[in-house]
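So the chains spell out like this:
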Amino acid sequence: MARPRRQEERRAALIEATYAAGKEHGLRSLSLTDVAATAGLTRGAILYYYEDLDALLVEAHAAGIQRFCDERDAALAALADPREQLAAAIDAGLPDGPDDALMSLLYEFDVLAGNSALHDELVQKLYLRQLATYRGVISAGRESGVFVPALDDEQLAMTMVALEDAYGLHIVGGNALMTVPKAAAAMRAVADRLGCPSTTFER
């Protein structure tokens with residue numbers, strides 16, 4: 001029983017190393033050797049678990065979506081008021097700060113979209129999850145009467161995702177003029193003007 005658990009722990013550690021190495025080197029120049037150096041392993045040790053760098057990136061991206069999307073959706077499910085859900089969705093969708101390695105990697109996949117079918121598929125999968133989260137909150141608010149959206153649910157969800165990605169990219173890019181609280185406040189203000197008020201939610 002111990003061996004499968006150790007393998008699972010090693011895979012999780014390699015994914016974390018991929019996030020860190022990806023942030024340091026960038027996905028365009030990232031290699032298995034970079035990940036190995038970050039993880040304190042040999043390149044051959046990584047190949048024991050993954051066929052190649054693409055296989056590792058696919059799993060790292062899937063784990064990132066689970067952490068980013070699944071955890072956010074679970075947190076929203078614990079809230080009954082769509083206004084609280086919206087505030088929570090906004091806050092949870094932004095990076096923790098410039099050093100957020102996971103969000104940095106996810107955004108870089110966006111930049112690489114179009115370079116390969118793999119990158120396109122991964123970016124679209126994440127985008128659809130982001131849309132579904134906001135669409136669900138907006139729909140619930142409309143049905144309960146606490147939201148009176150100025151746009152249809154799809155357009156408003158697209159707007160919120162666009163703001164989330166744009167502000168998030170500035171944050172992980174190290175733009176000192178854009179802070180997490182400032183981005184969250186701006187997104188809440190836009191949502192409010194579009195008929196979807198949110199209550200204050202602390203990060």
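Please read all numbers here as calculations on a predicted model, not as lab measurements. (Residues numbered from 1 in each chain as written. Predicted model: local features only at pLDDT ≥ 70, side-chain atom pairs only at ≥ 80, totals over all residues. Heavy atoms only, no water.)

Draft legend 1. Structural detail: the environment of T42. You can see T42 is positioned in the loop between α2 (32-39) and α3 (43-49). The spatial distance from the C-alpha of T42 to the C-alpha of L32 is 9.1 Å, given a sequence separation of 10 residues. Polar contacts involving the side chain of T42 include one to the main-chain amide nitrogen of A45, which spans 3.1 Å. (Helix = DSSP H or I, 4+ residues; strand = E, 2+ residues; numbered from the N terminus. Polar contact = N/O pair within 3.5 Å; in protein donor to acceptor, adjacent residues only side chain to side chain.)

Draft legend 2. Local environment of the nonpolar core. Among the nonpolar cores identified, the biggest contains 31 residues, and Y19, L30, V35, I46, Y50, L56 and F109 are the most heavily contacted of them. Those elements giving two or more residues to this core turn out to be α1 (2-25), α2, α3, α4 (53-77), α6 (101-112) and α7 (117-144). With 26 residues, the next largest nonpolar core counts L163, V180, A184 and M187 among its residues. (Core = buried A, V, L, I, M, F, W, Y, C linked by side-chain atoms within 4.5 Å. Buried < 20%, exposed > 50% of the residue type's maximum accessible area, 1.4 Å probe, protein only.)

Draft legend 3. Molecular detail of the packing of α4 against helix α5 (residues 82-93). The N-to-C vectors of α4 and α5 enclose an angle of 155°; their axes lie 10 Å apart at closest approach. With respect to each other, α4 and α5 are oriented roughly antiparallel. Read as a crossing pair, α4 and α5 show a hand that is right-handed. Within the contact between the two elements, α4 uses F68, R72 and L76 and α5 uses Q85, A88, A89, A92 and G93. Across the contact of α4 with α5, the residue classes tally to five nonpolar, two polar and one charged. (Axes fitted to C-alpha atoms, helices over the stretch in contact; angles between N-to-C directions. Parallel < 35°, antiparallel > 145°, perpendicular 65-115°, else oblique. Left-handed = near helix turned anticlockwise from the far one by under 90°. Contact = heavy atoms within 4.5 Å. Nonpolar A, V, L, I, M, F, W, Y, C, P; charged D, E, K, R; others polar.)

Draft legend 4. Inspection of a nonpolar patch on the surface at higher detail. A cluster of nonpolar residues, Y127, L128 and M158, forms a patch on the protein surface that exposes about 280 Å² of accessible area. Relative to the helices and strands, M158 is located in helix α8 (residues 153-172). (Patch = residues over 30% accessible without salt bridge, like charges linked within 9 Å, V, L, I, M, F, W, Y side chains within 5 Å. Areas by Shrake-Rupley, 256 points an atom, 1.4 Å probe, with all protein chains shown as cover. Salt bridge = Lys/Arg side-chain N within 4 Å of Asp/Glu carboxyl O.)

Draft legend 5. Structural detail: the side chain of D153. Along the polypeptide, D153 turns up in helix α8. At a separation of 2.5 Å, a polar atom in the side chain of D153 contacts the side chain of R142. When residues no more than four places from it in sequence are discounted, the contact partners of D153 are R135, I138, S139 and R142.

Draft legend 6. Structural detail: the pattern of salt bridges. A complete count under the given rule lists nine salt bridges for this structure. Of the charged contacts, one joins R11 and E59 as a salt bridge, the two residues approaching to 3.4 Å between their closest N and O atoms. With R11 in helix α1 and E59 in helix α4, the pair connects residues that are 48 residues apart, well separated along the chain. Overall, the relative accessible area of 29% leaves E59 in the partly exposed class. Ionic pairing is found between R129 and D73, a salt bridge with its closest N-O pair at 3.1 Å.

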